[in-house]
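What follows is each chain in one-letter form.
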Amino acid sequence: MADLHRFANPTRFLKLAGYIQPWALAVFLISLSVGLYMSFFTAPADYQQGESARIMYVHVPAAWMAMFCYTIMALASAVSLIWKHPLADVSARSTAPVGAAFTFLALVTGSLWGKPMWGTWWVWDARLTSVLVLLFLYIGYMALQGAFDDRVRAAKASAILALVGFVNVPIIKFSVDWWNTLHQPASVVKMSGSSIHPSMLWPLLIMAIAFKAYYVWILLVRMRSELVANKVRILRLKQVHGG
Amino acid sequence: MKQFAFLVRRDLSLAFRQGMDSLMVVAFFVIAVVLFPLGVGPEPGTLARISSGVIWVAALLSAMLSLERLFQTDYEDGSLELLALSSLPMEVTVLAKVTAHWITTGLPLIIAAPVLAVLMQMETEGFVILIVALLLGTPSLSLIGAVGAALILGSRRGGVLLSLLVLPLYIPILIFGVSAVDGAIGGYEFKAQLLILSGFFIGSLALTPWAGAAGLRQALE
Amino acid sequence: MFQGKDITCIRGERLVFTGLDFSVGSGGALVLIGPNGSGKSSLLRMMAGLLRPASGKMEWNGENALDDFDEHASNLHYVGHHDAVKPVLSVLENVRFWAGVRGGEVSDKNILTALDAFAAKHLADIPGRFLSAGQKRRVNLARIIAAPAPLWLLDEPTTALDRASISLLDKAIKHHREGGGIVVLSTHADIDLEAATVLDISDYSLKKIERGAA
């Protein structure tokens, strides 16, 4: 009978999570050390921007992660709406703050990068503006999650929002790019794959791996604690309703 | 189709008898715009430069504020349940309510906009395009906002939450709406922007009723 | 014939009831009883299709009722906790709207007859905002007579009604059943229906079931 409760006993998931978690942490720590070493010491300084361009090795992977996490959130939301899989809810909910944190990191590093270049902390550059809007989307999602007493409703409403937001992300990106070409042609970084030198590409990719591994690790930590919190809540409800 | 008109008519007569709603939205729109000359100073050059942006931002905010009530009263008094049980598909119900909402709030905004354009010292070349752009843009605002209005039903903080959900999604409409007007004033291209605004309208017309209906269904559960 | 088999209801994250069966034939009545929170309203909302059961199925005349929501909705009337009476519309306009939105043409004469059945005909021109709670409930009940549907789902229909109005409701239900209609209602036992099946929902709560198994 107890199996009828949502999240009642995701034993298999918890077991699997237990295996993956230390590996994810190890990959994260190793690739972070290697990535940071390479970006500080082996990668060349930018011929125009000098040493300050090294912040790119944090900024760019963080911006990638911002979008990556939103994509995961939207996918998990779709799974939860269509197949009603409880773990999908939990993973979407657990991804949101992580994605928001990466988005924030991308904004802060972008602003730090802009300071020596333009002499101001903030420039309405197309990439930064899009990332800023993405942060608002994350904040809206998390606010909606927190606005309901009923966890199931919160999950459904925010899943719909995540999908609507996901459809809108490319439209917003396109609009902001258009707006930017009208007002301000300058850009912090132009990543046109082919022109980037391998000595810069490698640290970038390794940092990206580090961030992904961090995401996997923190996601599992958060999901496990969510599942425990769910169990506690169900026990509370049992106390109240005696059922 | 007959049912659709039936629901629109009912919402319109509700709005007209309650009376104040449309007036309040327009009043908010006007006062929000009037704050700008007071805030940035009355120099005609400055005002003219920011006029289209200010009018569009104020229109966005007014549309958003009025949306909070879109489904709220029907949700609270049980009408939404009965609408769900009526012969109208939920998507059509959403569309009908949005239509009524646009007629009672979007349209008055458009009528008020030229007056505000005068107050903001906008160049006369921009007037027609401002109205056209608002005509193309405000229906999308109502459509997108309806999804947000459905999602916040029964939540703890309605209005502020709605603005958080909806305003980021309004950004593309703002950008192209302003750009069309500025283009017309500066003598540049503006047809492309209007086409893109129409594209947004068609896109949101096709997609938002589904999302709104899904939002309403989960609110009723 | 309206049947449900092995229905489970989960609200929030709580199992409200499970393994619930019911069956009402044409002209029959089903009375749902049980303490607060036992799921009477939830079961009625499931019967109306507003809420999806976590498991189990429902059949209307042998066909799956949950498959086609619109089809099922056209067979039923649901009276919930709220009366859906708009304050700025007159009683007649209120009922006319709810009758009309179901698709069929409903004449004002029919609506007035329906209002008369609940002694509310004299209210026809009064705007909804002047009505008392009991009058609103009567208007809401008149709505379900104005546009006929075979299945009535009434969630505590006697709330706010005085004794005289309750007997009018009794009469309306009797009339409905004589015409082959089905009534399912939840109540705190202040209505007395002839030959009604009584279903105590608390029998299907997890606690009772666990106790039974032990």
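Residues numbered from 1 in each chain as written. Chains lettered and ligands numbered in written order. Predicted model: local features only at pLDDT ≥ 70, side-chain atom pairs only at ≥ 80, totals over all residues. Heavy atoms only, no water.

### Description of the overall build of chain C
When its secondary structure is counted, chain C shows 7 helices and 9 strands. On C-alpha atoms alone, chain C measures out to a radius of gyration of 18 Å, which is about the 17 Å that the 2.2 N^0.38 rule sets for 214 residues. With 214 residues in all, chain C has 55% of them scored as buried. Long-range contacts, defined as pairs at least 24 residues apart, comprise 67% of the intrachain contacts of chain C with a sequence gap of at least 6. For chain C, the distance from the average position of its 24 positive side-chain charges to the average position of its 26 negative side-chain charges is 5 Å. (Helix = DSSP H or I, 4+ residues; strand = E, 2+ residues; numbered from the N terminus. Rg over C-alpha atoms; globule rule 2.2 N^0.38 Å. Buried < 20%, exposed > 50% of the residue type's maximum accessible area, 1.4 Å probe, protein only. Contact = heavy atoms within 4.5 Å. Lys, Arg positive; Asp, Glu negative; His and termini not counted. Charge placed at Lys NZ, Arg CZ, Asp CG, Glu CD.)

### A look at the domain arrangement of chain C
Accessible area lost on assembly of the parts is the figure often given for the size of an interface. Residues and elements named next belong to chain C. Segmentation of chain C into domains returns domain 1 (1–75 + 150–214) and domain 2 (82–148). Counting residues at the interface gives 15 residues for domain 1, matched by 11 residues for domain 2. The three residues of domain 1 that bury the most area against domain 2 are Trp152, Leu161 and Leu168, which together make up 39% of that side's buried surface. Joining domain 1 to domain 2, the criterion identifies 0 salt bridges. Seen at the junction of domain 1 and domain 2, the total is 4 residue pairs in polar contact (both at pLDDT 80 or more). At 4 residues, helix H6 (residues 163–178) tops the list of elements feeding residues into the side of domain 1 that touches domain 2. (Domains from an automatic or database assignment. Buried area = accessible area lost by both parts, 1.4 Å probe. Salt bridge = Lys/Arg side-chain N within 4 Å of Asp/Glu carboxyl O. Polar contact = N/O pair within 3.5 Å; in protein donor to acceptor, adjacent residues only side chain to side chain.)

### With respect to the interface of chain B and chain A
On the side of chain A, 29 residues touch chain B, which itself brings 31 residues to the contact. In this structure, the connection of chain B to chain A is made through 2 salt bridges. Asp149 of chain A serves as the salt-bridge partner of Arg156 of chain B, at 2.9 Å between the closest nitrogen and oxygen. Linking chain B to chain A there are 8 residue pairs in polar contact (both at pLDDT 80 or more).

### Comments concerning a negative patch on the surface
Among the surface-exposed residues, Glu63, Asp67, Asp68, Asp70 and Glu71 of chain C lie close enough to one another that they form a single negatively charged patch. Topologically, Asp67 of chain C is positioned in the loop between strand E5 (63–64) and helix H2 (69–73). (Patch = residues over 30% accessible without salt bridge, like charges linked within 9 Å, V, L, I, M, F, W, Y side chains within 5 Å. Areas by Shrake-Rupley, 256 points an atom, 1.4 Å probe, with all protein chains shown as cover.)

### Quick look at the nonpolar core
Note on soluble globular proteins: their nonpolar side chains tend to be buried together. Ranked by internal contacts, the top residues of the largest apolar core, which has 174 residues, are Phe29 of chain B together with Phe22 and Met47 of chain C. Here the element with the most residues in this core is helix H8 (residues 158–186) of chain B; it accounts for 14 residues. The residues contacting Phe29 of chain B, other than those within four sequence positions of it, are Ile55, Ala58, Ala59, Ser62, Leu109, Ala112, Ala113 and Leu116 of chain B. Grouped together as the second largest cluster of nonpolar side chains are 34 residues, Val79, Val95, Ala120 and Leu185 of chain C included. (Core = buried A, V, L, I, M, F, W, Y, C linked by side-chain atoms within 4.5 Å.)

### With respect to the packing of helix H6 (residues 90–119) of chain B against helix H7 (residues 125–151) of chain B
Residues and elements named next belong to chain B. Running from N to C, H6 and H7 point in directions that differ by 150°, and their axes come no closer than 9 Å. With respect to each other, H6 and H7 are oriented roughly antiparallel. For H6 against H7, the interelement crossing comes out right-handed. Every residue of H7 that contacts H6 at Val94, Leu95, Val98, His101, Trp102, Ile110, Ala113, Pro114, Ala117 and Val118 is listed here: Phe127, Leu130, Ile131, Leu134, Leu135, Thr138, Pro139, Ser142, Leu143 and Ala146. When grouped by side-chain class, the residues that make up the contact of H6 with H7 number 17 nonpolar, 3 polar and no charged. (Axes fitted to C-alpha atoms, helices over the stretch in contact; angles between N-to-C directions. Parallel < 35°, antiparallel > 145°, perpendicular 65-115°, else oblique. Left-handed = near helix turned anticlockwise from the far one by under 90°. Nonpolar A, V, L, I, M, F, W, Y, C, P; charged D, E, K, R; others polar.)

### A word on helix H2 (residues 20–40) of chain B
Because each turn of an α-helix spans 3.6 residues, side chains separated by three or four positions in sequence point in the same direction. All names here are of chain B. With 21 residues, H2 extends 31 Å between its outermost C-alpha atoms, agreeing within 8% with the 30 Å of an ideal straight helix rising 1.5 Å per residue. Elements in contact with the buried residues of H2: helix H3 (44–67) and H6. A positive backbone phi angle near 95° is found at Gly41, which sits one or two residues after H2. (Expected span 1.5 Å × (residues − 1).)

### Focus: the pattern of salt bridges
As enumerated under the stated definition, the model contains 17 salt bridges over all chains in all. Taking the shortest distance from any N to any O, the salt bridge between Glu221 of chain B and Lys156 of chain A comes out at 2.8 Å. Here the residue Glu221 of chain B occupies a position in the segment after helix H9 (191–220), and Lys156 of chain A occupies one in helix H5 (residues 151–183), the pair thus bridging two chains. Owing to a relative accessible area of 27%, Glu221 of chain B belongs among the partly exposed residues under this scheme.

### Remarks on a nonpolar patch on the surface
All names here are of chain B. Residues Ile31, Val34, Leu35, Phe36, Leu38, Val40, Val115 and Leu119 make up a contiguous nonpolar surface patch of roughly 720 Å² in combined accessible area. Looking at the nonpolar patch, the elements with two or more residues in it are H2 and H6. On the basis of relative accessibility, which here comes to 31%, the residue Val34 falls in the partly exposed class.

### As for H8 of chain B
Residues and elements named next belong to chain B. An ideal rise of 1.5 Å per residue puts 42 Å on 29 residues; H8 measures up with 40 Å between its terminal C-alpha atoms. Taken as a whole, H8 carries its principal kink of about 40° at Tyr170; the proline Pro172 stands between one and four residues after it. Of all 29 residues that make up H8, 21 are buried, and the element is covered over most of its length. Looking one or two places after H8, you find Gly187, whose phi comes out positive at around 80°. (Bend = angle between axes of the 7 residues up to and from the residue.)

### So, the sheet that holds strand E6 (residues 76–79) of chain C
All names here are of chain C. Pairing within the open sheet is parallel, and its 5 strands lie in the order E6-E7-E8-E3-E9. Both outer strands of the open sheet, E6 and strand E9 (196–200), are each paired with one neighbouring strand and no more. Averaged over all adjacent pairs, the angle separating strand axes in this sheet is 15°, with direction ignored. Of the pairings in the sheet, the one linking strand E3 (residues 29–33) to E9 comprises 5 bridges and is parallel in character. Across the sheet, the residue bridging to Leu32 is Leu199, located in E9. Packed on one face of the sheet, helix H1 (residues 40–48) meets E3, E6, strand E7 (151–155), strand E8 (182–186) and E9 and runs near 155° to E7. Seen against the sheet, helix H5 (residues 133–146) touches E6 and E7 and runs at an angle of roughly 175° to E6. (Pairing = 2+ DSSP bridges.)

### Here's the deal with the pairing of E6 of chain C
Residues and elements named next belong to chain C. Going residue by residue along E6, you find Leu76 and Tyr78 tucked away on one face and His77 and Val79 tucked away on the opposite face as well. Bridging between E6 and E7 involves 4 bridges; their strand directions are parallel. Residue His77 lies in a different strand from E7, and its bridge partner there is Trp152.

### Focus: the side chain of His72 of chain C
You can see His72 of chain C is positioned in helix H2. Setting aside its immediate chain neighbours within four residues, His72 of chain C contacts Phe2, Met47, Ala48, Trp60, Ala65 and Leu151 of chain C.

### Observations concerning the packing of H2 of chain B against H6 of chain B
Residue and element names in this part refer to chain B. Contact geometry of H2 with H6 gives a least axis separation of 9 Å together with a crossing angle of 30°. For the element pair H2 / H6, the angle class is roughly parallel. Remark: the crossing between H2 and H6 carries right-handed chirality. Within the contact between the two elements, H2 uses Ser22, Val25, Val26, Phe29, Val30, Val33 and Val34 and H6 uses Thr104, Thr105, Pro108, Leu109, Ala112, Ala113, Leu116 and Leu119. Partitioned by chemical class, the residues of the contact of H2 with H6 number 12 nonpolar, 3 polar and no charged.

### Re the confidence of the model for chain C
Residues and elements named next belong to chain C. On average, residues of chain C score 85 in pLDDT, and 95% of them reach the 70 mark or higher. Averaged pLDDT values for the elements of chain C fall to 67 in helix H7 (residues 206–213) and rise to 92 in E7. Reported confidences for the modelled complex are a pTM of 0.88 and an ipTM of 0.90. (pLDDT = per-residue confidence, 0-100.)

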